[in-house]
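Chain and residue survey
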Amino acid sequence: MLINQMIRTFSTTTHLGSLARWYQKLWRSKVPTNGPPYAHVTQVGDPVLRQKAQLVPPEAVTSPEVRFLVQAMIDVMRKYSCVGLAAPQIGISLRILVMEFKDKLRDEYTSAEYKIKEMDTLPLTVLINPELKVTNYEKKSFTEACASVKGFSAEVPRYSEVLLSGLDENGKRKELTLKGWNARIAQHEMDHLDGVIYTDVMDRKTFSCSCWQAVNANYGRVQIAFHKK
């Protein structure tokens with residue numbers, strides 16, 4: 001329903017008429033009642049997570065429709081306590097990502113873990129049509145999870161430092177030099193834009209249910225919720 005509203009808005013804007021037709025081609029002819037952008041996170045198995053996301057046309061970068069999408073991504077990221085989110089994760093196959101690692105997350109880790117994983121505060125960051133360049137090819141493996149593979153985690157090797165660039169929500173060029181955990185977040189989200197999920201690059205022997213102890217303690221009576229109010 002929301003996607004139809006966005007398409008109708010494109011159609012009624014003269015200089016974006018062709019954009020409306022382009023946008024419609026990204027989707028199946030029949031849009032489900034609860035169409036994208038979703039207020040939940042898409043799950044592995046959804047075809048949108050395996051598509052290479054499309055570039056946002058230059059004329060649409062600062063459009064109301066893209067601003068609406070970016071805000072929807074931020075809302076879902078924060079609602080589900082994620083540190084990053086890519087547009088395909090709310091059902092939109094466009095090259096947009098958002099990231100945020102709040103300082104208060106420091107309380108969720110031991111000081112030793114925070115240090116060894118090279119965690120650091122990352123202010124809310126929006127990048128449209130992002131590009132990633134590896135600046136330090138040393139790889140480190142740490143446990144990683146994903147809101148699109150709910151209930152599981154695994155060790156994933158990632159490059160130590162990267163340069164992430166793209167356009168912000170105002171269409172201005174932005175570059176970030178990221179290392180450690182924030183570099184990991186960037187690589188994870190960039191993978192999503194290329195149809196890659198962390199399970200494709202993980203150490204397969206470490207893949208596990210993140211609530212296996214609760215499953216045993218509760219005689220198997222554990223539910224994994226895919227919705228959050």
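Residues numbered from 1 in each chain as written. Predicted model: local features only at pLDDT ≥ 70, side-chain atom pairs only at ≥ 80, totals over all residues. Heavy atoms only, no water.

This paragraph deals with the nonpolar core. Core analysis: the biggest nonpolar cluster contains 23 residues, and Val-56, Met-73, Leu-85 and Ile-96 have the highest contact counts within it. Mapped onto this core, the elements with two or more residues apiece are α3 (64-79), β2 (96-101) and β3 (122-145). Here this core gets eight residues from one element, more than from any other, and that element is α3. The residues touching Ile-96, leaving out its near neighbours within four places in the chain, are Val-56, Val-66, Leu-69, Val-70, Met-73, Leu-85, Ala-86, Ala-87, Leu-127, Ile-128 and Leu-193. Core analysis: the second largest hydrophobic core is formed by 21 residues, Leu-105, Met-119, Leu-178 and Ala-186 among them. (Core = buried A, V, L, I, M, F, W, Y, C linked by side-chain atoms within 4.5 Å. Buried < 20%, exposed > 50% of the residue type's maximum accessible area, 1.4 Å probe, protein only. Helix = DSSP H or I, 4+ residues; strand = E, 2+ residues; numbered from the N terminus. Contact = heavy atoms within 4.5 Å.)

Per the counting criterion, the structure on display carries 10 salt bridges. Arg-50 is the partner of Asp-200 in a salt bridge, and the nearest nitrogen-oxygen pair spans 2.6 Å. Residue Asp-200 is found in the loop between α5 (180-193) and β6 (208-209), and its partner Arg-50 is found in the loop between α2 (17-24) and α3; the two are separated by 150 residues along the sequence. Asp-200 sits in the partly exposed class, given a relative accessible area of 42%. Looking at Arg-50, the relative accessible area reads 43%, which means it is partly exposed. Salt-bridge contacts for Glu-144 lead to Arg-184; the nearest nitrogen and oxygen are separated by 2.7 Å. Placement of Glu-144 in strand β3 and of Arg-184 in helix α5 is noted, with a sequence separation of 40 residues between them. Here the residues in one salt-bridge network are Glu-144, Arg-158, Arg-184 and Asp-191, joined through shared partners. (Salt bridge = Lys/Arg side-chain N within 4 Å of Asp/Glu carboxyl O.)

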